[in-house]
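# Remarks on the overall topology
Below, each chain spelled out in residue letters.
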Amino acid sequence: MSDASLSNDPHSTPELRRRDATHHIHPFSDTGALNKEGSRVIVQGEGCWITDSEGNRLLDGMSGLWCVQIGHGRPEIADAVHRQMSKLSYYNTFFKTTHEPAIELAERLARLAPAGLNHIFFTGSGSESNDTVIRMVRTYWDLMGKPEKKTIIARQNAYHGSTVGSASLGGMSGMHAQGGMPIPGIVHIPQPYWFGEGGDQDPDAFGRWAAQELARAIEEQGPETIAAFIAEPIQGAGGVIIPPDSYWPEIKKVLAAHDILFVADEVITGFGRLGTWFGSDYFGLEPDLMSIAKGLSSGYLPIGGVMVSDRIADAFIEKGGEFTHGFTYSGHPACCAAALENLRIIEEEGIVERAAEIAPYLQEGWLSLGDHPLVGEARMVGLVGALELVPAKPDRSIRFDNTGAVGTLCRDHSLKNGLIMRATRDSMIIAPPLVISRGEIDMLVERARKTLDDTAEDLRRDGRLKP
Ligand code: PXG
């Protein structure tokens, strides 16, 4: 075959890159810059590994996008979806109709979820789940005869999704700047990010302070106006912010003192990530509503939902009236089938218990990276962790510039070394599939250390890190 005919092959890597650049606008990307550089084309996934079009095998330290709990490429899910699609590929759950996959999944989730969350509203994604939360909590208080309770308290640097409502709940100023957000009635309080914002306080004192910010916001707004508080048990996209031990107990006290709803956004922490079924189980939280997505289907098909307590569901059911909200794909039968098979695998193979069992081994390796000259803090809970890259440890107040350039440099080295890590500003994040083996953990830690060495070498060369 001549070179000319090769380059015309529409499936060759250069051609795929060119075609991608011509027509595809990528999420959370500078598509112009990306088009010049060329996207990495992913062709296959198996277990904890993905393969790109140039034949590179990469250890998927991010479970796709925090979602592939059971690992890539399990044929049982493809089979279950095929069976469902052959019988009923689509029908809605709107006009007095339902179907068995939705019934069975709702039932299964009620059994697995924290106590009292016995009902689910199905969505297609985490963003839709959190948009649903906004309408649901405000409508709940309308139904309860307290229409003045409309304000939702959320946290700075939280990530709750990319639709207008969910991005408004999110606390990312860069997102708010694009498209006129937040929508009215959302108030953001500081995050419990000790490493970055704890100042001179010790972690527990800072955790109590951050929790008291919720009490202060409630008082400032007037408790009678507050509908709900929403938070991720551990902030994922914000940089794996693990709150100090004092934080959640203190938040619970504040919540108990006021009649406001608590919404746990478990899109990342759900389905075993922390070695428990849900982050709420890990931290002993008792949410009134819980957003889920991602690990619900291990990302094999898009599905999410909002789980609600009996108290909320009863208000909607007993007080009557239509909840004018829903998605074409709410409870999509094929997505429900994928989720059901995923949950079967997780339960029958004891994947949550396995995650809890292997977590200390990963933690030991990951936390050992804390001795690297570039790492100001290594932190991890369950199978999700971060490394804070700093120029002058142990001083937490000195950071690289604000651009995230060091994180990006480190991420590029990581890919070159065959490990997928995600960079949030200048912290490096991992959240590998829950089925990761000891051997793969050894590889992950070894590759991460090599990546830190390579990054430090570059930074020393250009003077951003002391020799
Ligand atoms: N809540 C949380 C806590 C999330 O992490 C969403 C809601 C929204 O889910 P959907 O399914 O609408 O994407 C998320 C999603 C990243 C990254 O770069 C994280 C997410 C999505 C995309 C990128 O870390 N989390």
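Just above, that's the structure.
What comes next is a walk through the structure. (Residues numbered from 1 in each chain as written. Predicted model: local features only at pLDDT ≥ 70, side-chain atom pairs only at ≥ 80, totals over all residues. Heavy atoms only, no water.)

### So, the pattern of salt bridges
Heads up, the rule is: Think of a salt bridge as a Lys or Arg side-chain nitrogen and an Asp or Glu carboxyl oxygen that are within 4 Å of each other. Secondary structure is summarised from DSSP: a helix means a run of H or I of at least four residues, a strand means a run of E of at least two, and numbering begins at the N terminus for each. For each residue, the accessible area found with a 1.4 Å probe, counting protein chains only, is set against the maximum for its type, and the residue is called buried under 20%, exposed over 50%, and partly exposed in between.
Summed over the entire model, instances satisfying the criterion amount to 24 salt bridges. We note a salt bridge from Glu347 to Arg108, for which the minimum N-O separation is 3.4 Å. Of this pair, Glu347 sits in helix α15 (residues 333–348) while Arg108 sits in helix α6 (residues 100–112), placing them 239 residues apart in sequence. Classification of Arg108 by relative accessible area gives buried; the value is 16%. Across the salt bridge formed by Glu348 and Arg344, the nearest N and O atoms sit 2.7 Å from each other. One end of the pair is Glu348 and the other is Arg344, both in helix α15 and four residues apart, which spans about a single turn. For Arg344, a relative accessible area of 25% gives the class partly exposed. If you follow the salt bridges from partner to partner, you end up with Lys146, Asp259, Asp288 and Arg311 in one network.

### What to know about the site of the ligand
Note the following rule: If even one non-hydrogen atom of a residue comes within 4 Å of a molecule or strand, that residue is called near it. In short, Shrake-Rupley with a 1.4 Å probe defines the accessible areas, and a residue's cover is counted only from the protein chains shown. The residue classification treats Ala, Val, Leu, Ile, Met, Phe, Trp, Tyr, Cys and Pro as nonpolar and Asp, Glu, Lys and Arg as charged. All others, Gly included, are polar.
Around the ligand lies a shell of 16 residues, among which Trp66, Gly126, Ser127, Asp265 and Arg422 are the nearest. Contact with the protein chains covers 85% of the free accessible surface of the ligand, which is 540 Å². Elements with a contribution of two residues or more to the shell around the ligand: α4 (63–66) and α7 (126–143). The dominant element in the shell around the ligand, judged by the number of residues it contributes, is α7, at three residues. Its residues assigned to classes, the shell around the ligand shows six nonpolar, six polar and four charged.

### Looking at the sheet that holds strand β7 (residues 226–231)
Whether parallel or antiparallel, the strands of a sheet pair through hydrogen bonds between backbone atoms. Here is the rule: Two strands make a pair as long as DSSP finds a minimum of two bridges between them. The axes are straight lines fitted to the C-alpha atoms, using for helices just the contacting stretch, and the angles between their N-to-C directions are given from 0 to 180°. Residues are treated as being in contact if the distance between any of their heavy atoms lies within 4.5 Å.
With respect to topology, seven strands assemble into an open sheet ordered β4-β10-β9-β8-β7-β5-β6, the strand pairing being mixed. One side of each edge strand has no neighbouring strand; the edge strands of this open sheet are β4 (117–123) and β6 (186–189). Put simply, the sheet's adjacent strands are angled 20° from each other on average, direction ignored. Pairing of strand β5 (residues 151–155) with β7, which is carried by three bridges, proceeds in the parallel orientation. Across the sheet, residue Ile152 finds its bridge partner in β7, namely Ala228. On top of the sheet, helix α12 (residues 247–256) reaches β5, β7 and β8 (261–265); it is set at about 170° to β7, its chief contact. Lying over the sheet, helix α14 (residues 310–318) contacts β4, β8, β9 (289–292) and β10 (304–309), oriented at roughly 90° with respect to β10.

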